[in-house]
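Here is what each chain is made of, one letter per residue.
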Amino acid sequence: MFKIKKTKLNELFAAISDGNVLYVPCNIKGDTDYAVWGEGAEADLETLKTVKSAKSVFFPQCEDIVSFTREGKNVTVNSMQRESEDFVVFGVRACDAKSFEILDRVFLSDPVDTFYKTKREHGTIVALCCTRPEETCFCKAFGIDASAPAGDVTTCFNGEYLYWQPVTEKGLNLTKTLQNLFESADENDELAVADEQKNIREISEKLPLSSLDLSYWGKDDLLEKFNSPKWGELSEACLGCGACTFVCPTCQCYDVRDFDKGNGIQRYRCWDSCMYKDFTMMAHGTPRPTQMQRFRQRFMHKLVYFPSNNDGVFSCVGCGRCLEKCPIHMNIVKVAKAIGGEKDE
């Protein structure tokens, strides 16, 4: 284990960005989101949750795929995929780090999404312990330890230091390039980090949603859940705004669109939402014509369909972003409790 003083974080960021593109949570007009670190960037590692998760680095909100140009009757197809630069994503919390496992199951299964795969191969994840988990957090319900995020490097703030522990080969290689900046941690430092991790776990235990019961979910009795009369009541006030899907670290839906540039066509993909009425629109119309059906699809996918096909792994990591962003205060916790027969406090 290594350590570096908080006052030297800018030196650390500069050293990382010397050989990599560095993404770090930054204060952008009052909000905290991932951005490329550089001159004038205001890193913010105090805010627990970025607006969008680190997913956006590996699966961008908008991404060019291919372009078409025509000369007479000849059409040229140009792939927009480029060999990715090596990059580092710094400050990834435990919930967002867990989301990569879920995204990998989707994008790295046959047929492999080569755009995502290339970024995963070139990206190094520096995870950061959640010093003060918030009341909207419920990652513990999904077996996630906020004090031990899974990354290529695991870091933790304690006192005046950031503690740094390489975990994977990528993490070790990155650490070697930064060796001159670090001090070696001794036994007392390791005890201090262990105490900090214990405090984080104790906070997590006391959070109001930490004991969320998911025992009803993830099983194969699909029709019982699908036909629950409670879906109508729960979805009644839903606006279909899609905010929950756009802040979610595990949502994978996207649309593919073409843009006429005048001298050719640019094909790109962009995030989409199962909460929108034109989602998966076909010639005959939409397969889910009512908001209730779209609402049900979102939560059935996360709590039933996905775990049924992925060894019981839920498509939710308990980050709590949807709890904070939904304008009608509807969220996956309320759904899980209501359909599962648990009283919502």
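Further up the page is the structure itself.
All values derive from a computational prediction rather than experimental measurement.

Caption draft 1: Representation of the environment of lysine 140 within the structure. Position of lysine 140 among the secondary structure elements: in the loop between β7 (123-128) and β8 (153-158). Overall, lysine 140 belongs to the partly exposed group, its relative accessible area being 34%. With 61 residues separating them along the chain, lysine 140 and arginine 201 place their C-alpha atoms 9.1 Å apart. The contacts of lysine 140, once residues within four sequence positions are left out, are Ser204, Glu205 and Ser210.

Caption draft 2: The arrangement of the packing of aromatic side chains in detail. Under the defined criterion, the tally for this structure stands at 20 aromatic pairs. With a centroid separation of 6.0 Å and 50° between ring planes, the pair formed by phenylalanine 138 and phenylalanine 142 is classed as tilted. When the ring of phenylalanine 142 is compared with that of phenylalanine 314, the centres are 5.7 Å apart and the planes differ by 70°; the resulting orientation is edge-to-face. A residue pair is termed long-range when its members are at least 10 positions apart, and phenylalanine 142 in the loop between β7 and β8 and phenylalanine 314 in the loop between α10 (291-309) and α11 (321-325) qualify at 172 residues. For the pair shown, phenylalanine 142 and phenylalanine 314 are each scored as buried. Counting every residue linked through ring pairs, the aromatic cluster contains Phe59, Phe107, Tyr116, Phe246, Tyr254, Trp271 and Tyr276. Over the ring of tryptophan 271 we find lysine 55, and its NZ or CZ is 4.5 Å from the ring centre.

Caption draft 3: Region of interest: the sheet that holds strand β1 (residues 2-5). Across the sheet, which stays open at both edges, the eight strands sit in the order β3-β2-β6-β7-β8-β9-β1-β10 with mixed pairing between neighbours. Each edge of the open sheet is held by one strand with a lone partner, namely β3 (31-36) and β10 (183-184). The pairing of strand β6 (residues 87-92) with β7 spans five bridges and is parallel. From the neighbouring strand, phenylalanine 90 faces β7, where its bridge partner is valine 126. With respect to the sheet, helix α3 (residues 94-107) is in contact with β6 and β7, its orientation differing from that of β6 by roughly 130°. In this fold helix α5 (residues 169-177) packs onto β1, β6, β7, β8 and β9 (161-166), with an angle of close to 130° to the strand it touches most, β9.

Caption draft 4: A look at the side chain of threonine 32. Take threonine 32: it is sitting in strand β3. A residue is classified by how much of its surface remains accessible, and threonine 32, at 7% relative accessible area, is buried.

Caption draft 5: Main features of empty space enclosed by the protein. The full count for this structure, using the stated rule, is five cavities of 30 Å³ or more. Estimates place the volume of the largest cavity at around 170 Å³. Forming the boundary of the largest cavity are 18 residues, of which Cys238, Cys244, Met275, Cys326 and Met330 lie nearest the centre. Where the lining of the largest cavity is concerned, the elements lending two or more residues are α9 (243-247) and α10. With three residues, the single largest contributor to the lining of the largest cavity is α10. By volume, the second largest cavity is sized at about 140 Å³. Take the lining of the second largest cavity: its biggest share by element is three residues, from α3. A class-by-class count of the residues in the lining of the second largest cavity yields eleven nonpolar, three polar and five charged. Each of domain 1 (2-58 + 83-206) and domain 2 (222-258 + 269-340) accounts for three or more of the residues forming the lining of the second largest cavity.

Caption draft 6: The pairing of strand β5 (residues 74-79), seen in detail. In terms of burial, β5 is a largely surface element, zero of the six residues being buried. Bridge count between strand β4 (residues 62-71) and β5: six bridges; the pairing is antiparallel. Within β5, the position partnered with threonine 69 by the bridge is threonine 76. Hairpin connection between β4 and β5: a loop of two residues separates the two successive antiparallel strands, and glycine 72 in this loop has a positive phi of roughly 65°.

The rules behind each value
Residues numbered from 1 in each chain as written. Predicted model: local features only at pLDDT ≥ 70, side-chain atom pairs only at ≥ 80, totals over all residues. Heavy atoms only, no water. Helix = DSSP H or I, 4+ residues; strand = E, 2+ residues; numbered from the N terminus. Buried < 20%, exposed > 50% of the residue type's maximum accessible area, 1.4 Å probe, protein only. Contact = heavy atoms within 4.5 Å. Phe/Tyr/Trp six-rings, centres within 6.5 Å; stacked < 30°, edge-to-face > 60°. Lys NZ or Arg CZ within 6 Å of the ring centre and 35° of its normal. Pairing = 2+ DSSP bridges. Axes fitted to C-alpha atoms, helices over the stretch in contact; angles between N-to-C directions. 1 Å grid on protein atoms, 1.4 Å probe; cavity = no way out; pocket = protein on both sides within 12 Å on 5 of 7 lines; lining within 4 Å. Points joined across faces, edges and corners; volume = space filled by probe spheres on them. Nonpolar A, V, L, I, M, F, W, Y, C, P; charged D, E, K, R; others polar. Domains from an automatic or database assignment.

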